[in-house]
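# Structural overview
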Amino acid sequence: MKSPDKDTYRIQDKVTLILKVNYNSSFFAAIFGLVCYFFLGIDGIVPYTFWGYAIINLINTLLYKEHEKLVLTYNFTSILSMLGAIVITLYSGGIDSPFVFVLAIIVFAGYVTTKVFGQLYLILNLAVLTLLFLYDTGDFKISENTIPLESRDWFAYLSAMFAVYLLGGVFGKNLLSAHHRLYKSRNEIQERIDEKEILLKEVHHRVKNNLQTVSSLLSLQSRSIDDSKISNIIKSSQNRVVSMAMVHEMLYKRDDYLSKIELKPYVQELCDYLVRSVKGSVNDVKVNLDIKNYKLSIDTVIPLGLIINETITNALKYGIAEVQNGEIHVSVERIDDNRYKMHLGDNGIGYSEEINPKTSNSLGLKLIYNLARQLRGTITRDYDKKGTHYTIEFEEVIEQFNSVDQ
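Everything quoted here is computed from the prediction, not taken from an experiment.

Now for the layout of surface pockets. Of the volumes computed, that of the largest pocket is approximately 670 Å³. Considering the residues around the largest pocket, the lining is formed by 31 residues, among which Glu310, Asn314, Tyr318, Ser362 and Gly364 are closest to the centre. Secondary-structure elements contributing two or more residues to the lining of the largest pocket are α7 (228-253), α9 (298-319), β4 (327-334), β5 (339-346) and α10 (363-374). In terms of residues, the lining of the largest pocket owes the most to one element, α9, which gives 10 residues. Taken together, the residues of the lining of the largest pocket break down into 12 nonpolar, 14 polar and five charged.

Where empty space is left in the structure can be found by rolling a water-sized probe over the atoms. Overall, the coordinates contain three cavities of 30 Å³ or more when judged by the stated rule. Its boundaries defined by the atoms lining it, the largest cavity holds a volume of some 360 Å³. Taken together, 27 residues form the lining of the largest cavity, with Val21, Tyr53, Thr77, Ser81 and Ile106 sitting closest to its centre. Looking at the lining of the largest cavity, the elements with two or more residues in it are α1 (8-38), α2 (45-67), α3 (70-90), α4 (102-113) and α6 (152-223).

In terms of burial, strand β7 (residues 389-395) is a largely internal element, five of the seven residues being buried. Bridge count between β5 and β7: seven bridges; the pairing is antiparallel. Within the sheet, the bridge partner assigned to His343 lies in β7 and is Thr391. By the bridge criterion, four bridges tie strand β6 (residues 378-381) to β7 in an arrangement that is antiparallel. Opposite Ile379, over in β7, you have Ile392 as the bridge partner.

The next thing to look at is the environment of Ala321. Looking at the element boundaries, Ala321 is found in the loop between α9 and β4. Sequence-distant contacts of Ala321, defined by excluding residues within four places in its chain, comprise Lys279, Ala315 and Leu316.

The next thing to look at is the nonpolar core. Counting residues in hydrophobic clusters, the biggest one holds 45 residues, and the most contacted among them are Tyr266, Met342 and Phe394. Of all the elements in the fold, those that place two or more residues in this core are α7, α8 (263-279), α9, β4, β5, α10 and β7. A total of nine residues in this core trace back to one element, the largest contributor, which is α9. By size, the runner-up hydrophobic cluster in this structure holds 42 residues, among which are Leu17, Leu19, Ala85 and Val128.

In the predicted model, the chain carries a mean pLDDT of 84, and the fraction of residues at 70 or more is 94%. Note that residues 1-6 has pLDDT below 50 and, in this model, three contacts with residues that lie over four places away or in other chains. Low confidence marks residues 400-406, where pLDDT is under 50. Its contacts with residues over four positions away, or in another chain, come to 12 contacts.

Turning our eyes to something else, we now look at the sheet that holds β4. The strand order β2-β4-β5-β7-β6 describes an open sheet built from five strands, whose pairing is mixed. At either margin of the open sheet sits one strand with a lone partner, and together these are β2 (286-291) and β6. Here the average twist between neighbouring strands, direction ignored, is 10°. With respect to the sheet, α8 is in contact with β2 and β4, its orientation differing from that of β2 by roughly 165°.

Rules used throughout
Residues numbered from 1 in each chain as written. Predicted model: local features only at pLDDT ≥ 70, side-chain atom pairs only at ≥ 80, totals over all residues. Heavy atoms only, no water. 1 Å grid on protein atoms, 1.4 Å probe; cavity = no way out; pocket = protein on both sides within 12 Å on 5 of 7 lines; lining within 4 Å. Points joined across faces, edges and corners; volume = space filled by probe spheres on them. Helix = DSSP H or I, 4+ residues; strand = E, 2+ residues; numbered from the N terminus. Nonpolar A, V, L, I, M, F, W, Y, C, P; charged D, E, K, R; others polar. Buried < 20%, exposed > 50% of the residue type's maximum accessible area, 1.4 Å probe, protein only. Pairing = 2+ DSSP bridges. Contact = heavy atoms within 4.5 Å. Core = buried A, V, L, I, M, F, W, Y, C linked by side-chain atoms within 4.5 Å. pLDDT = per-residue confidence, 0-100. Axes fitted to C-alpha atoms, helices over the stretch in contact; angles between N-to-C directions.

What follows is the structure, encoded as C-alpha cells:
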C-alpha cells in the first residue's frame, strides 16, 4: 500500500477549510446585507459593503479552481475581509461597533493557515484597532454611525451570530474534522511502523539463525577433517561468521529498533567468545576494554567486528599462546563527529616487521587492512610496545556492506 505524501493531508485540510470559510462568509454576508437593508432599515454603505464583499469573495473563491494558488486566494480574501470589516466598523459605531470582532477571525484564519500569516495579520489588525481607537477619540471624522438607534441591538446580535458561526461552526467544525483525520492518519502510520519493526526484527532473527546454521556446519566440517591446517582455516571462518551473527542477534534483542549497535557490549561478547573458542572455558587471558557508550551503524560494526576477530584470534593462537597471564587490550575513542580511533594490542611475542599484507599470504592479515580501508580509515602498527599493537582510525559508515575485496 502506497503511503501518502507527508504534506498531502495538511494541504488538503487547508484547501477545504479556506474554501468552506469563503463560501460560508460570502453567503452569510449577502444574507446579512439583505437583512440590514430590508428589515433593519439600514441603507447606504453598510449593506452595499456586505454585498460587494459577498460577490467579490465568491468570484475569488471560484477562480481558485482555475489557478489553484491557495496562498493567492487566502490572502485576497483576508485583505478583502479586513477592508470590509474596517468600513462596516467605521459606519456602525467605530471602536464600539460589535462588528469589530470580525477582525479577530481574520487573525485566527491566519494562524490556521501558517504561523507567518498569523503573525502578519495579528500585527495588521492590532494596528487597525489602534487607528480605530485614535480615530474615535480624535476630532477628525469622516464617517458616522449609520445604524438606526432602534436597530442597533439587532445589528449587534447579528454581528455576534455572524462571528460566532464563522469561528465555531466553520473554523471549529473543520479543525475538529482535520484533527480526527490527523489522528486516524497517525494511527495508520504507527501501525505501519509497528508492522515494519516486527518484520525488521524477524529479518535480523532469521539472518542470525542462518549465520548460526552456517557456523554449525563449519564446526561439523572442521571436526571431520584430519588435516589440522585446513581445520584451523575452517574454524577461523566459523569465528568470522559468528562475529557477524552477534550483530544481528543484538539488533534482534533491541527494544528501540534502531539500526545502531552498542559497541562496548558487542566487543565484550565477541572477545569472550573468541577467548573461550580458542583457549577453552578455563584460561588465564584477561581482556581489557576501554570503550564508551558509542552506538555505531551495522555497516560499521560488522567490518569492525571482523577486524577485532582477526587480531584477537591471531593474538590468542600465536601472540600469547605460550604466555602466562596473557592480556588483550581494546579501546575506542571518538576523535571527530563521526570519526574514531581504535587500539588493539596484546602482551604476546609479536611478529616480525617484515610480515605485512604484501609479503604474507595470511588471509587474516589481508582482511584487517582491507576492512580498515572499507571503513575509510588507516591502520598503523606500533613496534615499540611488547606484543602486537594496531591503531586504526575509521569513520562511521552507513551504506550497503560491500565485499572486502572491492
